[in-house]
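# Descriptive structure summary
Residue-level listing of the chains:
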Amino acid sequence: MVLKKIGTALEWTELTDPQPEPGKIRVKVAACGVCRTDLHVVDGELPDPKVPIIPGHEIVGRIDLLGVGVKGLKIGERVGIPWLGHTCGVCPYCIGGQENLCDHPLFTGYTRNGGFATMAIADARFAFPLGEAGRDAALAPLLCAGLIGWRSLGIAGNGKNIGLYGFGAAAHILAQVIKWQGRSAFAFTRPGDVTAQTFARSLGVIWAGGSDELPPEPLDTAIIFATAGDLVPLALKAVRKGGRVVCAGIHMSDIPGFPYRLLWEERQLVSVANLTRPDGIEFLRLAPEMGIVTNTTSYPLNQANQALADLRAGRFEGAAVLVP
Ligand SMILES: [Zn+2]
Ligand SMILES: [Zn+2]
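Residues numbered from 1 in each chain as written. Chains lettered and ligands numbered in written order. Predicted model: local features only at pLDDT ≥ 70, side-chain atom pairs only at ≥ 80, totals over all residues. Heavy atoms only, no water.

## Topic: the pattern of salt bridges
Keep this limit in mind: Only one rule defines a salt bridge in this text: a Lys or Arg side-chain nitrogen within 4 Å of an Asp or Glu carboxyl oxygen. Residue exposure (1.4 Å probe, protein chains only): buried if accessible area is under 20% of the type maximum, exposed if over 50%, otherwise partly exposed. Numbering goes from the N terminus for both helices and strands, where a helix is a DSSP run of H or I of at least four residues and a strand is a run of E of at least two.
For the coordinates displayed, the defined rule picks out 12 salt bridges. Measuring nitrogen to oxygen at the nearest pair gives 3.3 Å for the salt bridge that ties E11 to K4. Assessed through its relative accessible area of 36%, E11 is described here as partly exposed. Residue classification places K4 among the partly exposed positions, given a relative accessible area of 39%. The closest approach of N and O atoms between D43 and R312, which form a salt bridge, is 2.9 Å. Remark: R312 occurs in helix 9 (residues 304–313) and D43 occurs in helix 1 (residues 36–43); sequence separation between them is 269 residues.

## Let's talk about the side chain of H172
The cut-off we apply is this: Any two residues whose heavy atoms approach within 4.5 Å at even a single point are treated as in contact.
Mapped onto the fold, H172 is located in helix 5 (residues 169–180). If sequence neighbours within four positions are ignored, H172 has contacts with F167, F199, L203, V293, T294, N295, G318 and A319.

## Concerning the packing of helix 4 (residues 145–156) against helix 5
The following threshold applies: Axis lines are fitted to C-alpha atoms, over the contacting stretch for helices. Their N-to-C directions set the angle, which ranges from 0 to 180 degrees. Roughly parallel refers to an angle under 35 degrees, roughly antiparallel to one over 145, roughly perpendicular to one between 65 and 115, and oblique to any angle outside these ranges. Take the far helix as the reference: if the near one is turned anticlockwise from it by less than a right angle, the crossing is left-handed, and if turned clockwise, right-handed. For this classification, the nonpolar set comprises Ala, Val, Leu, Ile, Met, Phe, Trp, Tyr, Cys and Pro, the charged set comprises Asp, Glu, Lys and Arg, and every other residue, Gly included, is treated as polar.
Here helix 4 crosses helix 5 at 55°, and the two axes come no closer than 8 Å. Accordingly, the angle class assigned to the pair helix 4 and helix 5 is oblique. You can see that helix 4 and helix 5 cross each other, and the crossing is right-handed. Every residue of helix 5 that contacts helix 4 at A145, G146, I148, G149, W150 and L153 is listed here: A169, A170, I173, L174, V177 and I178. Class assignment for the residues of the contact of helix 4 with helix 5 results in 10 nonpolar, 2 polar and no charged.

Right under this line is the structure:
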C-alpha cells in the first residue's frame, strides 16, 4: 500500500520483490501495526517527506532472504522491525549513546519503505529477534506504541503517580507496564469519552477522566501521547512541584501560551524522540514477563486506508494491525 502523494489515499500497487543489499534482510510481513505517526506521514506533517513511500513501522515477520554479510540472524527467524531503520554510527549522538537523535537516520515507513506490504527490507542491525512466544498481530504494537511508551517512562523518572494523556495504543500498553511496576497510572481522555475511560480502567489505571479534569492527587509525571498542544498547560497544572511533563508524540499542534507559574517550582517540560536499540532489546525482553496483553483490531492489508481512517476517528480501542 503505497503513499504516492502527500494527503492522498494509499494505493494498492504491485511491485517486484525487493532484493536485500549487503547487511540487509528481507522479511515476509506477517503483521504491521498502524501508528498515529503513519497519519502524520500521510498528512505531510513531518519534515522532508519522501514519496512514494510504503508506510508502516511496527513490522512483525519472518526472514526469507539474507543479504551478504548478515550475522546473527537466520532464514525463517521471526523478527520485529521498528521505526529506527538506520543510523550513521559516526555522529556525536551515535557515538554518545543517543542514536535516537542521529544526525543522518533513516526511519521505517517514513524515509525508507515500511511494512504496509507483503515484504519489507530492513537493515539487519536494526531488527529485533522476537522468538516464538505470542501472536504476530499481538506483538506488532509493541514495536512502536510499546517502545515509545517504554522510552517515555524511562524519561518520566521514578515517581509513583503517572498521568497518561491520550489513551490510545501507547498508553494502553504503558498502563499495564506501570501497574506491573507497582506504580499508579491515571488516564486522561477526551472529555466525555466514557468508552476510552472504561477501557483504561479495565487495564488497571487507578483513575480515568477527561483531560480538562484534575486528578484526585498530584502527578509526579505526565506523559502526553495525544497530538493536541493544548494538553501541555493542562498537564503542567496536574503535576506536582518538581514534576515533569513528557511529550511523546512526533508531532503536536501548537502549544498555546500559558502563565509562567505553571512551569515555576522546577517543573520540567521535555520531549522524547524515536528509540535506541537498547530500548528495544530491554523492552521486548521484559514484555512477556510483564504479561502485556495488546488489544488489537486486525484489517486485511488492502484495507489500510480504512484502518487509518478508523484511527483518525478513534473508532477502536488499543491498536490497529494490518495483516497481509
Ligand atoms: Zn548518527
Ligand atoms: Zn509509531
